[in-house]
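The primary structure of each chain is shown beneath.
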Amino acid sequence: MVTESSWLVGFEFHTASGRVMHHFYVVFGTADPAQARDIALARADTPGERAARGGLHADGEHADTRRLVSDPLGVRYLAAPCRP
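What you see is a predicted model; the values in this text were computed from it and never measured. (Residues numbered from 1 in each chain as written. Predicted model: local features only at pLDDT ≥ 70, side-chain atom pairs only at ≥ 80, totals over all residues. Heavy atoms only, no water.)

J.: When you look at the nonpolar core in this model, what are you seeing that I'm missing?
T.: A general feature of soluble globular proteins is that nonpolar side chains tend to end up buried together. Core analysis: the biggest nonpolar cluster contains twelve residues, these being W7, V9, F11, F13, M21, Y25, V27, A36, A40, A44, A58 and A63. For this core, the element with the most residues is strand β1 (residues 5-14), which contributes four residues. (Core = buried A, V, L, I, M, F, W, Y, C linked by side-chain atoms within 4.5 Å. Buried < 20%, exposed > 50% of the residue type's maximum accessible area, 1.4 Å probe, protein only. Helix = DSSP H or I, 4+ residues; strand = E, 2+ residues; numbered from the N terminus.)

And the structure:
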């Protein structure tokens, strides 16, 4: 049985000055971490998102992809990182 999940996908960026930035995207309705990463990567590479990062492109190879999980009481937490 395949169920759809929600995912938090984070990308790390290095600015020209060497500063590290992280941008995170929530992706709903996918069953696979690789698909969630691809959707988040497409969002991160839109012109508006690139402009917000000073033109830096997202590197999909180093994405931090985690499933958003709800316990029986509805409390949400992040699962361990997935390597898509």
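J.: Just to check I follow, could you spell out the pairing of strand β2 (residues 20-30) for this structure?
T.: If a strand is regular, its side chains alternate between the two faces of the sheet. Where β1 and β2 come together, ten bridges link them in antiparallel fashion. Bridge pairing links S6 to F28 in β2. Joining the antiparallel neighbours β1 and β2 is a turn of five residues, in which G18 adopts a positive phi near 90°. (Pairing = 2+ DSSP bridges.)

J.: I'm lost on the pattern of salt bridges in this one. Help?
T.: Side chains carrying opposite charge are able to pair once their charged atoms draw close together. This structure, assessed with the given rule, holds two salt bridges. Residue R37 pairs with D38 through a salt bridge whose shortest N-O separation is 3.0 Å. Measuring nitrogen to oxygen at the nearest pair gives 3.2 Å for the salt bridge that ties D64 to R66. (Salt bridge = Lys/Arg side-chain N within 4 Å of Asp/Glu carboxyl O.)

J.: Hey, could you run me through helix α1 (residues 33-44) in this one?
T.: Think of an α-helix as 3.6 residues a turn; residues three or four steps apart then line up on the same face. Across its twelve residues, α1 extends 16 Å between first and last C-alpha, which sits within 8% of the 16 Å expected from 1.5 Å per residue. Every buried residue of α1 is accounted for by P33, A36, R37, A40 and A44. Projection of α1 onto a plane perpendicular to its axis shows the buried side chains occupying an angular sector of 100°, all on one side. Where α1 is buried, its residues meet β1, β2, α2 (47-52), β3 (64-70) and β4 (76-82). (Expected span 1.5 Å × (residues − 1). Arc of directions from axis to C-beta. Contact = heavy atoms within 4.5 Å.)

J.: Sorry if this is basic, but what is going on with the environment of V20 here?
T.: Its location among the elements puts V20 in strand β2. Sequence spacing of V20 and A80 is 60 residues, and the spatial spacing of their C-alpha atoms is 22 Å. Setting aside residues up to four positions removed in sequence, V20 forms contacts with E12, F13 and H14.

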